[in-house]
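# Overview (structure and organization)
Chain residues, written in single-letter form:
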Amino acid sequence: MSLLSFQDVYFREGGKTHLEGVSFALEPGERLVAFGRSGSGKHFLLQLAAGILMPTKGRIEPPAPGGEALPVGWIPNEGGLLNNLTLVENVALPLVYHGLLERSRAEQAARDVLAGWGLKNEGERRPAAVGISALRMVQLARAKLVRPAVYLLADPLEDVDAATARLVRRVLGELLSGEGRGCIVTTGSLASYLDWGTRFLFLRGATLSIFKGKESLLSSADAEVREFLE
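These remarks concern the structure in this document. (Residues numbered from 1 in each chain as written. Predicted model: local features only at pLDDT ≥ 70, side-chain atom pairs only at ≥ 80, totals over all residues. Heavy atoms only, no water.)

The next subject is the sheet that holds strand 1 (residues 4-13). The pairing of strands in a sheet comes from backbone hydrogen bonds and takes either a parallel or an antiparallel form. Strand order across the open sheet formed by three strands is 2-1-4, with antiparallel pairing between neighbours. Every other strand in the sheet has two partners, leaving strand 2 (16-26) and strand 4 (57-61) as the edge strands with one partner each. For this sheet, the mean inter-axis angle between neighbouring strands, taken without regard to orientation, is 20°. By the bridge criterion, four bridges tie strand 1 to strand 4 in an arrangement that is antiparallel. Across the sheet, residue Gln 7 finds its bridge partner in strand 4, namely Arg 59. Contacts from helix 1 (residues 42-50) reach strand 1, strand 2 and strand 4 within the one sheet, and its direction differs from that of strand 1 by about 125°. (Pairing = 2+ DSSP bridges. Helix = DSSP H or I, 4+ residues; strand = E, 2+ residues; numbered from the N terminus. Axes fitted to C-alpha atoms, helices over the stretch in contact; angles between N-to-C directions. Contact = heavy atoms within 4.5 Å.)

Okay, structure coming up:
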């Protein structure tokens, strides 16, 4: 059973078609890497998958029992955190908001996750007081505690140092371990994902091309795809 499926999806905004006839499914255990140039529609695809936007035409389905939406871990490239809350409070917020845990237990769970990822001393600081690497880990921690079936990540390795990039890849491996989970990652650079992605989604001119794996991608004669491989 698919975790998420796009069925002939169109999305228009500002008088422009950003996605046109896009169809694909995310299966359990898959790591889909969506790539393309700036403005190719990657951002809209991820927001549609998260339910933040609705398609102009077509269907996006999480075929869970009863048609209920499966939990989604939305991890934007920037923002998404409240500046008037500490990092611990930001991580705990979805648990408290949805009534999954009472506040003190939610915040302790947040502290435990951050400490495990080397941020024990950062938890009481506010987002404006820490760097992008710490913020990226806070976003991951917040998604982790919701226990989603689907992780949606916008350029998670962009603007972080090499050590944080290694940590993010390790954490993603932990988050996706076990059955029934999958993720979609967007990127403008393929180098860090060639050995990680299970399928690759190339967005160009509002349309989608799907490559079944690394070898399929490397053997492509498409000039624009080759640019991302160089």
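There is more to say, and it comes next.
In the structure shown here, the tally under the stated rule is twelve salt bridges. Arg 59 is the salt-bridge partner of Glu 61, the closest N and O atoms lying 2.3 Å from each other. Its relative accessible area of 23% is what places Glu 61 among the partly exposed residues. Here Arg 204 makes a salt bridge to Asp 222, at a shortest N to O gap of 2.8 Å. Of the two residues, Arg 204 is situated in strand 8 (residues 199-204) and Asp 222 in the loop between helix 6 (214-218) and helix 7 (223-229); the sequence distance between them amounts to 18 residues. (Salt bridge = Lys/Arg side-chain N within 4 Å of Asp/Glu carboxyl O. Buried < 20%, exposed > 50% of the residue type's maximum accessible area, 1.4 Å probe, protein only.)

Moving on, we come to the pairing of strand 3 (residues 31-35). Among the five residues of strand 3, four are classified as buried, and the element is accordingly described as predominantly covered. Taken together, the five bridges between strand 3 and strand 7 (residues 182-187) define a ladder with parallel strand orientation. Within strand 7, the position partnered with Leu 32 by the bridge is Ile 184. As paired elements, strand 3 and strand 8 share four bridges and run parallel to each other. Note on strand 8: the bridge partner recorded for Val 33 is Phe 200.

This next bit is on the sheet that holds strand 9 (residues 207-211). Spatially, 5-6-7-3-8-9 is the arrangement adopted by the six strands of the open sheet, whose pairing is mixed. Strand pairing shows two members of the sheet lacking a second neighbour, strand 5 (72-75) and strand 9, which therefore form its edges. Adjacent strand axes in the sheet meet at a mean angle of 15°, parallel and antiparallel pairs treated alike. The pairing of strand 8 with strand 9 spans five bridges and is classified as antiparallel. Bridge assignment links Phe 202 to a residue of strand 9, and that residue is Ser 209.

Before going further, it helps to spend a moment on the packing of aromatic side chains. Ring pairs (aromatic) are described by centroid distance and by the angle formed between their planes. Per the stated rule, a full pass over the model turns up six aromatic pairs. Judged by centre distance (5.2 Å) and plane angle (40°), the rings of Phe 11 and Phe 44 are tilted. Here Phe 11, found in strand 1, pairs with Phe 44, found in helix 1; they are 33 residues apart in sequence, far enough to count as distant. Assigned by exposure class, Phe 11 and Phe 44 land together as buried. Seen in terms of ring centroids, Phe 35 and Phe 202 are 4.8 Å apart; in terms of plane orientation they differ by 20°. Their pairing is stacked. (Phe/Tyr/Trp six-rings, centres within 6.5 Å; stacked < 30°, edge-to-face > 60°.)

Turning to the packing of helix 2 (residues 87-97) against helix 4 (residues 132-146), a few remarks are in order. Between helix 2 and helix 4, whose axes approach to 8 Å, the crossing angle comes to 25°. As the angle between them shows, helix 2 and helix 4 are arranged roughly parallel. The way helix 2 lies across helix 4 gives a crossing that is right-handed. The residues of helix 4 that touch helix 2, namely those facing Leu 87, Asn 90, Val 91, Pro 94 and Leu 95, are Leu 135, Val 138, Ala 141, Arg 142, Leu 145 and Val 146. (Parallel < 35°, antiparallel > 145°, perpendicular 65-115°, else oblique. Left-handed = near helix turned anticlockwise from the far one by under 90°.)

Our focus in this paragraph is the pairing of strand 5. Here strand 5 shows a clear split, with Gly 73 and Ile 75 buried on one side and none of Val 72 and Trp 74 buried on the other. As defined by bridge partners, strand 5 adjoins strand 6 (residues 150-154) across four bridges and the pair is classed as parallel. Of the residues in strand 6, the one forming a bridge with Val 72 is Val 150.

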